[in-house]
Amino acid sequence: MIDLHCHVDLYPKPTDVVSKIVNHDIFVLSVTTTPSAWPGTSALAKSSPMIQTALGLHPQLAAERIRELPLFDRYLPETKWVGEIGLDGSPENRSFWPTQQKVFEHILNSCARVGGRIMSIHSRRASAQVIDTINRIPGAGTPILHWFSGTKKELDQAIGCGCWFSVGVPMLASKKGCDLVLRMPRDRVLTETDGPFAEMNGKPAFPWDVSAAVGLLGKVWNVEQDAVESLLGTNLENLRSSIVSF
Ligand code: MN
């Protein structure tokens with residue numbers, strides 16, 4: 001199984017979560033929300049190659065943490081994975097929209113400078129602006145839009161600019177989400193939980209809960225669970241080899 005977007009460092013007991021991830025043999029992309037979280041969060045996974053850590057600066061923290069951009073640039077050579085980054089157009093985050101843009105553009109430029117990275121990108125209420133920024137800064141790497149919630153037209157534009165997608169239970173449980181998933185190229189889809197922020201049955205989702213997303217994806221695509229797992233495995237291999245500079 002694959003959980004391509006999980007905040008491992010934000011569970012109450014991250015080391016317990018790491019042990020269980022290893023026991024369940026799940027590939028997890030452990031995303032961070034601040035550059036200063038990088039040393040501690042990457043250390044959690046240092047003896048577990050199935051857990052890869054992404055260096056991030058969450059758009060909701062852009063104003064508070066813009067001073068950490070030099071730290072972002074310092075740690076960037078240490079990882080092939082970047083996230084969580086992006087833009088958030090929700091009303092509560094609009095007051096610092098110019099700062100969000102500045103941070104996101106800085107990060108894409110930094111990724112381009114080091115030859116490209118695999119990037120897990122947040123785009124809530126900002127799909128058009130995220131796609132526009134990706135188009136304006138070529139060479140930043142392979143973008144993955146996590147929990148995409150834009151329109152069909154924006155989805156088509158995202159597909160056109162080379163985006164991948166990580167989808168979870170909240171998307172797959174809604175008609176709108178399923179329609180979007182059906183429109184995504186199957187060879188650019190992966191699964192995620194977004195735990196502990198996203199919930200499963202009223203509790204924070206854990207990486208092993210990603211099995212529910214695999215089941216729902218099988219229903220949406222109308223293919224057997226084994227076939228879904230095999231396709232997702234191939235997709236992950238292709239995603240990892242999309243960046244050769246690291
Ligand atoms: Mn997240």
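These lines cover the structure that appears in this document, whether it is placed above or below.

Quick notes on the rules
- Residues numbered from 1 in each chain as written.
- Predicted model: local features only at pLDDT ≥ 70, side-chain atom pairs only at ≥ 80, totals over all residues.
- Heavy atoms only, no water.
- Core = buried A, V, L, I, M, F, W, Y, C linked by side-chain atoms within 4.5 Å.
- Buried < 20%, exposed > 50% of the residue type's maximum accessible area, 1.4 Å probe, protein only.
- Donors = N, O, S within 2.8 Å, 3.2 Å for Na, K, Ca; no water.
- Helix = DSSP H or I, 4+ residues; strand = E, 2+ residues; numbered from the N terminus.
- Axes fitted to C-alpha atoms, helices over the stretch in contact; angles between N-to-C directions.
- Parallel < 35°, antiparallel > 145°, perpendicular 65-115°, else oblique.
- Left-handed = near helix turned anticlockwise from the far one by under 90°.
- Contact = heavy atoms within 4.5 Å.
- Nonpolar A, V, L, I, M, F, W, Y, C, P; charged D, E, K, R; others polar.
- Arc of directions from axis to C-beta.
- Polar contact = N/O pair within 3.5 Å; in protein donor to acceptor, adjacent residues only side chain to side chain.
- Pairing = 2+ DSSP bridges.
- Right-handed = clockwise from strand over helix to strand, strands pointing away.

## Focus: the nonpolar core
Generally speaking, a soluble globular protein has its nonpolar side chains buried in company with each other.
(1) Moving on: By size, the foremost hydrophobic cluster in this structure holds 67 residues, and its most contacted members are Leu4 and Met184.
(2) Moving on: One finds Val8, Val18, Val28 and Ala45 within the second-largest nonpolar core, a separate group that totals 11 residues.

## So, the coordination of the manganese ion
(1) Moving on: Looking at the metal site, the manganese ion is ligated by His5 (NE2), His7 (NE2), Glu84 (OE) and Asp194 (OD), spaced 2.3 Å from it.
(2) Moving on: Considered as a linear motif, the donors of the manganese ion on their single chain read H-x1-H-x76-E-x109-D. Of this pair, His5 sits in strand β1 (residues 2-6) while Asp194 sits in the loop between β8 (189-191) and β9 (199-200), and the two are 189 residues apart along the sequence. The same class applies to His5 as to Asp194, namely buried.

## Describing the packing of helix α6 (residues 127-136) against helix α7 (residues 152-160)
Geometry of a packed helix pair, given as the angle between the helix axes and the separation of the axes.
(1) Moving on: One can describe the packing of α6 onto α7 by two numbers: an axis separation of 10 Å at closest approach and a directional angle of 20°. Considered as vectors, α6 and α7 are oriented roughly parallel to each other. Between α6 and α7 the crossing geometry is left-handed. Between α6, through Ser127, Ala128 and Ile131, and α7, the contact on the second element is made entirely by Glu154, Gln157 and Ala158.
(2) Moving on: In terms of residue class, the contact of α6 with α7 is made up of three nonpolar, two polar and one charged.

## What to know about helix α9 (residues 175-183)
(1) Moving on: Regarding α9, the residues found buried are Gly177, Cys178, Leu180 and Val181. Projection of α9 onto a plane perpendicular to its axis shows the buried side chains occupying an angular sector of 160°, all on one side.
(2) Moving on: Packed against the buried residues of α9 are α7, β7 (164-167), α8 (169-172) and α10 (210-221).

## Quick word on the environment of Gly83
(1) Moving on: Mapped onto the elements of the fold, Gly83 is located in strand β4 (residues 81-86).
(2) Moving on: In contact with Gly83, not counting residues within four places along its chain, are Val31, Thr32, Ala54, Leu55, Gly56 and Ser120.

## Side note on the side chain of His58
(1) Moving on: Tracing the backbone through its elements, the reader meets His58 in the loop between β3 (51-54) and α3 (62-65).
(2) Moving on: Owing to a relative accessible area of 7%, His58 belongs among the buried residues under this scheme.
(3) Moving on: At 3.1 Å, the side chain of His58 forms a polar contact with the backbone nitrogen of Gln60.
(4) Moving on: For His58, the side chain forms a polar contact with the side chain of Glu84, separated by 3.2 Å.
(5) Moving on: The contacts of His58, once residues within four sequence positions are left out, are Thr33, Glu84 and His122.

## Thoughts on the pairing of β4
(1) Moving on: For β4, a buried count of six out of six residues is recorded, marking the element as mostly surrounded by other parts of the structure.
(2) Moving on: The sheet contact formed by β4 and strand β5 (residues 117-122) spans four bridges and is parallel. Paired with Ile85 across the two strands is Ile121, which belongs to β5.
(3) Moving on: Regarding the hand of the β-α-β motif, the stretch spanning β4, helix α5 (residues 97-113) and β5 is right-handed.

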